[in-house]
Amino acid sequence: EFSKNIKKKIIIFINFFIKDHIQYYTSFKKIFTNSILIKDELEFNNISPQIIDVIPPLISEIKQKNDTATGSILDNINFIYCGTLKKEYLSLELLELFLDLKKKFIFNLKIIYGKIKESEDEYDRKLKNTIDKLKNQSNVEIYYNLSHSDTLKYMNKSDYGIVIHNSLWDNKQQSTKLIEY
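Below you will find a few notes about this structure. (Residues numbered from 1 in each chain as written. Predicted model: local features only at pLDDT ≥ 70, side-chain atom pairs only at ≥ 80, totals over all residues. Heavy atoms only, no water.)

Attention now moves to the pattern of salt bridges. Applying the stated criterion to the full structure yields ten salt bridges. Between Glu118 and Lys128 there is a salt bridge, with the nearest N and O atoms lying 2.6 Å from each other. Of this pair, Glu118 sits in the loop between β9 (116-117) and α5 (121-135) while Lys128 sits in helix α5, placing them ten residues apart in sequence. Judged by its relative accessible area of 36%, Lys128 falls in the partly exposed class. A salt bridge links Asp132 to Lys135, with the nearest nitrogen and oxygen atoms 3.9 Å apart. Here Asp132 and its partner Lys135 are both found in helix α5, three residues apart, which amounts to about one turn of the helix. Judged by relative accessible area, which is 48%, Lys135 ranks as partly exposed. Here the salt bridges do not stand alone but share partners, grouping Glu122, Arg125 and Lys126 into one network. (Salt bridge = Lys/Arg side-chain N within 4 Å of Asp/Glu carboxyl O. Helix = DSSP H or I, 4+ residues; strand = E, 2+ residues; numbered from the N terminus. Buried < 20%, exposed > 50% of the residue type's maximum accessible area, 1.4 Å probe, protein only.)

The following block contains the structure:
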């Protein structure tokens, strides 16, 4: 009796889409994912949108990389953002978030941008002020107009690349920055 009931499993959390697992995914009554892109892939592969929910990433803290033998911190986690800074990409909100996180956590942040696409005076002023505040933070490096090869070197040394998606302007396109990361 138990094996019959387990046939239609209850919940699965997917944080990495694997096309070969589609049949397995269909055996669940509810699917949670932390990515709209994964949700779109599931729907494209004929999984009902009614059983899929997108939730925020389930990360409660930024953990340091520790040497298991000594317990000492080997290195801070490295984040990187590369690209244009503009209102549509929620750049101010992103930078304010990292400024806030710097108060609670130790990590490295690299911001590499080629331009600031100006839109509204107040927003642009706040964005530039936040960049200036970040420049004064420890373990934050901000670069302007780096070569593509230098940018790729920094990307390769980073643990996490930051890409902001918004369903209002993304049109479900694959981000070239996401591919580079």
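Moving on from the model shown.
On to the sheet that holds strand β11 (residues 160-161), then. Each strand in a sheet pairs with another by means of backbone hydrogen bonds, the pair being arranged parallel or else antiparallel. Read across the sheet, four strands follow the order β10-β8-β6-β11 without closing on themselves; strand pairing throughout is parallel. With partners counted over all chains shown, the strands left at the sheet margins are β10 (140-144) and β11, one partner each. Bridge analysis of strand β8 (residues 108-113) against β10 gives five bridges, and the strand direction is parallel. By the bridge assignment, Tyr113 is partnered in β10 with Tyr144. Contacting β8 and β10, α5 crosses the sheet at an angle of about 130 degrees to β10. (Pairing = 2+ DSSP bridges. Contact = heavy atoms within 4.5 Å. Axes fitted to C-alpha atoms, helices over the stretch in contact; angles between N-to-C directions.)

In short, geometric facts, not functional conclusions.
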